[in-house]
Amino acid sequence: MTIKVHPDIESLSPYVPGKPIDELQRELGLSKIVKLASNENPLGPSPKALAVLAESSATLHRYPDGGAFKLRTALADRWKVALDQVLLGNGSDEIIGMLARAFLAPGDEAVLADNTFVIYQMEVTAAHGKAVIVPLQDGRHNLAAMAKAVTPRTKLLFVCNPNNPTGTMVNATDVETLMAKVPDHVIVVFDEAYVDYACDPRFPDTLGYVKRKRNAIVLRTFSKIYGLAGLRIGYGLTTTEIANYLNRVRPPFNANSLAQRAALAALGDEEHVAKSRALNHAEMAFVREGLAAHGFQPYPSEANFLCFDVNRDGRAVFEALLREGVIVRHIHGSWIRVTIGLPEENRQFLQALQAVLGRQ
Ligand SMILES: *Cc1c(COP(=O)(O)O)cnc(C)c1O
C-alpha cells in the first residue's frame, strides 16, 4: 500500500547537517579533520558545564524537571522577565516548530528572508502555512520589504539577527521602523542565536519589545557561544500570553536533565563566554584577511562565521576542501560559509583553500 502524504510534506527535503568528523575520517583515511561547518564553539563546552555533567548522570533514570524551574528562574533573573515568560526548547529549533504549530492554521502566512536559517521554511510548510519569501538586500534582511509583505493572513515574521548564513546584522533603527509598521496580529520572531558574538553597539534591544508587551519572541540558544550544541537546549523570551500558547504544544520533558544542568552552569561561566568572543573576534579578522588575499570579500559579520562568493562552482570548492580534510558549508551556487575556528584550524582552512584554488 502506498502512503498518502500531504503535498506540503511531500515538498520538503530532509535537512542536510554538516558532515560529522568521524564519517569523513573513515571515508578519507585522514587523521586530522577540521570542521568549520556548523558554527560550533571551537573552544568546546564551558568547563563549568562539563563539571556538573560528570556528577549529573547518577539520576538519569528520573524524568527531567518538566518545568525546568532552576534554569528558567536563572534566565528570568538574567533577563529581568517573569518566570512564565521563559520557555525552553530541545534546541531553539524546537521553539520554531512550536511557533508554527501553535500559530499557523493551514494557509496562514509567515514572512521570512530568502537566504536565512532553513528551519523557518521547513516548520512553516510542515504546519501547512505559507512561507512568504522576501529577498535579502546586500546580504541583509530587507525589513521595509518584509513589513510590506505582511497581509491579514500573516501570523509570523522571522528576523534572524545576526543572519545565518550571511552573518549580517539589522540595527536598532531598522528594527524600530519594522516594529512601527507591523500590526499586532503578527508575532515577530527575533532569532538571536549569535547575539553573543555581535560587537556592533547598534544591535537592537529586541527584548525591550517583549517587555513593552509587543507580540514578539526572542530566541536564544546554548548551542553556539556556550558550546553545548550536542545537548540540544535553547530558549525563548516572550509575553506571558504567547508563552502560554506555546506551552500547549510543547512536548513534556523537551529539555533533558543533563541539558538543563549544563546550561545553568554555562550561563554562569562568563569567563568562557568572554574568551570565546575574544577568540572569534581576533580570528575572524585573520580569516577575513586570508580570504581577501584571494580576492574574496565576505559579508560584514557579527557572528562566528563568514559567508563569501568564490566566483566559481561552490559545491566543487566545498568538495575539494573536504578532500583536504576541511569541512565548510556550501550555501548555494558560488557561496560558501566558514565557521571561525581555533587559530590552527583557521590556518589549515586557508592553506587548504589555497591548494584547492591553485588547482581550479
Ligand atoms: C544554530 C542556530 C540556531 C540554534 O539551534 P539550536 O536548535 O538551539 O541548536 C537557531 N537559529 C539559528 C539562526 C542558528 O544558526
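Owing to the predicted nature of the structure, the values given are computational and were not obtained by experimental measurement. (Residues numbered from 1 in each chain as written. Predicted model: local features only at pLDDT ≥ 70, side-chain atom pairs only at ≥ 80, totals over all residues. Heavy atoms only, no water.)

J.: How would you sum up the overall build of the chain? Please name residues and give values.
T.: Helix and strand counts for the chain stand at 14 helices and 12 strands. On C-alpha atoms alone, the chain measures out to a radius of gyration of 21 Å, which is about the 21 Å that the 2.2 N^0.38 rule sets for 360 residues. Projected onto its principal axes, the C-alpha coordinates of the chain cover approximately 60 × 55 × 50 Å. Classification of the 360 residues of the chain by burial places 53% in the buried group. Put simply, of all contacts in the chain between residues at least 6 apart along the chain, 73% involve residues at least 24 apart. Approximately 16,400 Å² of the chain is accessible, and the part contributed by carbon and sulfur atoms is 54%. One way to put it: in the chain the 39 positive side-chain charges average out to a point 2 Å from where the 38 negative ones average out. (Helix = DSSP H or I, 4+ residues; strand = E, 2+ residues; numbered from the N terminus. Rg over C-alpha atoms; globule rule 2.2 N^0.38 Å. Buried < 20%, exposed > 50% of the residue type's maximum accessible area, 1.4 Å probe, protein only. Contact = heavy atoms within 4.5 Å. Areas by Shrake-Rupley, 256 points an atom, 1.4 Å probe, with all protein chains shown as cover. Lys, Arg positive; Asp, Glu negative; His and termini not counted. Charge placed at Lys NZ, Arg CZ, Asp CG, Glu CD.)

J.: Tell me about the site of the ligand, and name the residues and values.
T.: What surrounds the ligand is a group of 13 residues, the closest being Asp191, Tyr194, Thr221, Ser223 and Lys224. In the environment of the ligand, an oxygen atom lies 2.6 Å from a nitrogen or oxygen atom belonging to the side chain of Tyr194. Contact distances for the ligand include 3.1 Å between an oxygen atom and a side-chain N or O atom of Lys224. Contact with the protein chains removes 94% of the 380 Å² of surface that the ligand exposes when unbound. Here the shell around the ligand is built from residues that sort into four nonpolar, five polar and four charged. (Near = heavy atom within 4 Å. Polar contact = N/O pair within 3.5 Å; in protein donor to acceptor, adjacent residues only side chain to side chain. Nonpolar A, V, L, I, M, F, W, Y, C, P; charged D, E, K, R; others polar.)

J.: I'd like a description of the packing of helix α4 (residues 69-79) against helix α11 (residues 257-267), backed by residues and values.
T.: Where α4 contacts α11, the two axes come as close as 9 Å, and the packing angle between them is 30°. Relative to α11, the element α4 is oriented roughly parallel. Handedness of the α4/α11 crossing: left-handed. For the pair α4 and α11, contact is made by Lys70, Leu71, Ala74, Leu75 and Arg78 and by Gln260, Ala263, Leu264 and Leu267, respectively. (Axes fitted to C-alpha atoms, helices over the stretch in contact; angles between N-to-C directions. Parallel < 35°, antiparallel > 145°, perpendicular 65-115°, else oblique. Left-handed = near helix turned anticlockwise from the far one by under 90°.)

J.: Outline the pattern of salt bridges, supporting the account with residue identities and numerical values.
T.: Any two side chains of opposite charge can pair, given that their charged atoms come close. If you walk through the whole model with that rule in mind, you get 10 salt bridges. Where Arg153 meets Asp108, a salt bridge forms, and the shortest distance between an N and an O atom there is 2.9 Å. Remark: Asp108 occurs in the loop between α5 (92-103) and β3 (109-113) and Arg153 occurs in the loop between α7 (143-148) and β5 (154-160); sequence separation between them is 45 residues. The closest approach of N and O atoms between Arg347 and Glu283, which form a salt bridge, is 3.4 Å. One end of the pair, Arg347, is in helix α14 (residues 343-359); the other, Glu283, is in helix α12 (residues 270-293), with 64 residues separating them in the sequence. Note on Glu283: relative accessible area 8%, which makes it buried. (Salt bridge = Lys/Arg side-chain N within 4 Å of Asp/Glu carboxyl O.)

J.: Account for the nonpolar core, with residues named and values stated.
T.: Core analysis: the biggest nonpolar cluster contains 51 residues, and Leu157, Leu178 and Phe222 have the highest contact counts within it. No other element matches α11, which puts five residues into this core. In this structure, this core is formed jointly by two domains, domain 1 (7-44 + 271-358) and domain 2 (47-267), each of which donates at least three residues. With 29 residues, the next largest nonpolar core counts Val287, Phe349, Ala352 and Leu353 among its residues. (Core = buried A, V, L, I, M, F, W, Y, C linked by side-chain atoms within 4.5 Å. Domains from an automatic or database assignment.)

J.: Run through the pairing of β5, naming residues and quoting values.
T.: Of all seven residues in β5, six are buried; the element is thus mostly enclosed. Sheet topology places β3 next to β5; three bridges connect them, and they run parallel. Residue pairing for β5: Val111 is matched across the bridge by Leu157. Two strands pair when backbone bridges link them, and β5 and strand β6 (residues 187-191) are joined in this way by five bridges, in the parallel orientation. Bridge assignment links Leu157 to a residue of β6, and that residue is Val188. Taken together, β5, helix α8 (residues 172-181) and β6 form a β-α-β motif whose crossover is right-handed. (Pairing = 2+ DSSP bridges. Right-handed = clockwise from strand over helix to strand, strands pointing away.)

J.: So what's going on with a nonpolar patch on the surface? Residues and values would help.
T.: Together, Ile3, Val5 and Ile9 line one region of the surface with nonpolar side chains, adding up to about 290 Å² of accessible area. Ile3 gets classed as exposed once you look at its relative accessible area, which sits at 77%. (Patch = residues over 30% accessible without salt bridge, like charges linked within 9 Å, V, L, I, M, F, W, Y side chains within 5 Å.)

J.: So what about the environment of Asn39? Which residues, and what values?
T.: The residue Asn39 is located in the loop between β1 (34-35) and α3 (47-56) in this model. Its relative accessible area of 1% is what places Asn39 among the buried residues. Separated by 177 residues in the primary sequence, Asn39 and Ala216 have C-alpha atoms spaced 25 Å apart. The residues contacting Asn39, other than those within four sequence positions of it, are Asn164, Tyr194, Lys224, Asn304, Phe305, Arg337 and Thr339. A polar atom in the side chain of Asn39 sits 2.9 Å from the side chain of Tyr194.

J.: Go over the environment of Thr173 with me, naming the residues and quoting the values.
T.: Topologically, Thr173 is positioned in helix α8. Judged by its relative accessible area of 57%, Thr173 is exposed. For the pair Thr173 and Arg202, spaced 29 residues apart in sequence, the C-alpha to C-alpha distance is 8.0 Å.

J.: Got a sec to walk through the domain arrangement of the chain? Specific residues and values, please.
T.: Along its sequence, the chain is organised into domain 1 (7-44 + 271-358) and domain 2 (47-267). Centre-to-centre, using C-alpha coordinates, domain 1 lies 25 Å away from domain 2. Surface buried jointly by domain 1 and domain 2 totals about 2,300 Å² across both partners, of which 64% is contributed by carbon and sulfur atoms. Inspection of the region where domain 1 meets domain 2 yields zero salt bridges. If you look at where domain 1 meets domain 2, you find 10 residue pairs in polar contact (both at pLDDT 80 or more). Of all the secondary-structure elements, those providing two or more residues to the side of domain 1 that touches domain 2 are α1 (7-10), α12, β9 (305-309) and β11 (329-332). (Buried area = accessible area lost by both parts, 1.4 Å probe.)

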